Amino acid sequence: MAHAPTYPQRLNALPGADRTLLKSMAAVALLALFIGVLAGVATALVRGGLLSVPMADGYRFLTVHGVGIFFYWLFTAQTALLLGLAACEHGKGLAWRPLAWAAFGLMLLGLGLSMAGSVSGTPLLYNGSPELVRDNPRDLLLFNTGYSLLGLGLMLLPASAIVTLLRPRWQGRQDKLSAVGFALFAWAGFLVVTGFAALYTFVPGVLWALGAGPFPLSHGTRWHIVFHNMHYLPLMATVILWYVLVQALTGVKSVFGERFSKIVFSMYLVFVPPTSLYHMFLEPDLPKVVQVAGSMLSLFVSVPTLTAFLIIVASLEVHARTHGGRGLFGWIRLLPWRHPAMAAVGAGVLSMAFGLVFAFVLIQGQLAPLLSDTFFVPGYFHFFTVGTVSMTLLAALSVVLPAIGGRALWKPRVLRWMPWLALAGLLVFGAAGIAAGYMGVPRRVMDISYQQQAPAVWHSLMLAVAVGGSVMAMALLVFAGGIAASLLSPRRADTADIQPPVRWGGTDVTAGARAWVGPLSILLIVAAMYVFSAVGFELMQSLPLSASGGGGH
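Residue numbers run consecutively from 1 along every chain, following the written order of its sequence. Residue-level local features of this predicted model are given only where pLDDT is at least 70; pairs of side-chain atoms are given and counted only at 80 or more, and the full residue set underlies all totals for whole chains, interfaces and linings. Excluded from the side-chain calculation are hydrogens and water; included are all heavy atoms of the structure.

Only DSSP runs of H or I reaching four residues or more are called helices, and only runs of E reaching two or more are called strands; each is numbered from the N terminus. Check the secondary structure of the chain and you find 17 helices and 0 strands. Per-residue accessibility, obtained with a 1.4 Å probe over protein chains only, is compared with the maximum for each type, and a residue is labelled buried under 20%, exposed over 50%, and partly exposed between these values. Put simply, the chain has 553 residues, and 57% of those count as buried. The contact rule is simple, with two residues in contact once any of their heavy atoms fall within 4.5 Å. Long-range pairs, those at least 24 residues apart, make up 85% of the contacts in the chain with a sequence separation of at least 6. Accessible area of the chain: about 21,900 Å², with a carbon and sulfur share of 67%. Computed by Shrake-Rupley with a 1.4 Å probe, the accessible areas treat only the displayed protein chains as cover when residues are assessed.

In structure tokens:
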């Protein structure tokens, strides 16, 4: 029986014009990652007392780090992968390719302007608060114009993916979208909404800087909206990419069927928008009923992510047991860990578990005002941004770029260890950062000595953050650099290079096969959430009032 083409084979067969666009977008995304990671290392070294620079330069490092990673790396990589997967869904290439190129051009110009605004004038941090330049609005012009162009690009570019996915239905060649096609369609829609939210947030600042509009008093509230979308959309993208990567690396599809997968992907549309309430927890006049509702709703944001995790893990477990896996965890050894993408997904799953535990701590109405302006936030958030989302995006690129470029992945034996090394550094960074947050260390202050009045443990924790962050960054740069090597001049890869490392697809699973690891993992996450919430309440009660509360995301 003939097997359906694998994702690498479908990507390899795309028209040359599509592959050129995807490689260009991947190159820009990786450039933004390199810039952001290097700026992040510099920021950690400054905070740890290992690099002495003027404080303004420290805040510039922090601004470039946030802009490069949170905005341009995450969203340029997402849009590139969205287009690539949409194009190979039916093997006919991209629709509306000129529009995709134009939108990418806007995003690239936005990157240049945002970076120029980050290194000149007043350091604005990644949220571009107009309050920082109330007396000098011109300092906001380049920065906000860059973000606005990014938002416009995010509104336009997904249209190419949407038309590509729907065109076979319009032509009568398809009755319904596949599970992956449906997920890509929802992902594209969320990107459009995020682009609109970015325009809604940053265009008023552009108009004010040009003297064509009033001071954007509502920037803080608007920022909460765009931040919420940019916070959770990459998690949706991560789950979709896990779903695709499992098929690419093992041939395994969901044992629950495509209909159930579509229901899970659609849950993001239901659960994500209402949960933005928890970003308002720092407002002093927020009614108690809204705080309680926000905490309850925020718990639901993890429902689609955890459900998709269960689908993927259960599907892998029953197939692995069918192929000889034994014991509660013994089947995990059968997964294709020698492939760097599988290693990155594994590290990403573990990182997500840590991130979810501490996210549940932060979204509680009583703890959020105490922790949201401390180093607890970057301590936990890097488990998502770096360990989960960035690792998954790099895993996907490690499959996509060799397929579209015809050049095999650089030194897979070396690259497969980099996600684990990055996770080790992240564990040190995260543990020290979260502990620092519990101890009251502020998150956006470069010099935390407070004229030698701060507790000595603060400096020790920031030193650990700098060391862990440096290890994490080094591993991330090596991993990304090895993947970027696939963008070099192409050479013909062996056919084996685009075959799945494990071929479990199409086999009948053993009747009555049990899958316990997924449910046990979620039970462990919930238990850890309660433990660290209790620890948080006990530690925060011992802090002086002045060490808690403050600014927001």
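What follows covers the packing of helix α13 (residues 376-405) against helix α15 (residues 418-438). Axes here refer to lines fitted to C-alpha atoms; in helices the fit is confined to the stretch in contact. Angles between the N-to-C directions go from 0 to 180 degrees. Two elements in contact, α13 and α15, have axes separated by 6 Å at closest approach and are oriented at 160°. When the axes of α13 and α15 are compared, the pair comes out roughly antiparallel. Seen from above, α13 lies across α15 with left-handed handedness. The residues of α15 that touch α13, namely those facing F376, P378, G379, Y380, H382, F383, G387 and M391, are P419, A422, L426, L427, F429, G430, G433, I434, G437 and Y438. Under this scheme an angle from 65 to 115 degrees is roughly perpendicular, one under 35 degrees roughly parallel, and one over 145 degrees roughly antiparallel; angles in between are oblique. Handedness of each helix crossing follows the sense of rotation of the near helix against the far helix: counterclockwise by less than a right angle gives left-handed, clockwise gives right-handed.

The predictor's confidence in any single residue is recorded as pLDDT, a number from 0 to 100. Scored by pLDDT, the chain comes out at a mean of 85, with 84% of its residues at no less than 70. Ignoring residues within four places in sequence, the model shows residues 544-552, a span with pLDDT below 50, making 17 contacts including any to other chains.

A separate point is the side chain of S114. Mapped onto the secondary structure, S114 falls in helix α4 (residues 97-119). Owing to a relative accessible area of 0%, S114 belongs among the buried residues under this scheme. Excluding residues within four positions of it along the chain, S114 makes contact with V67, Y72, L142, F143, G146 and Y147.

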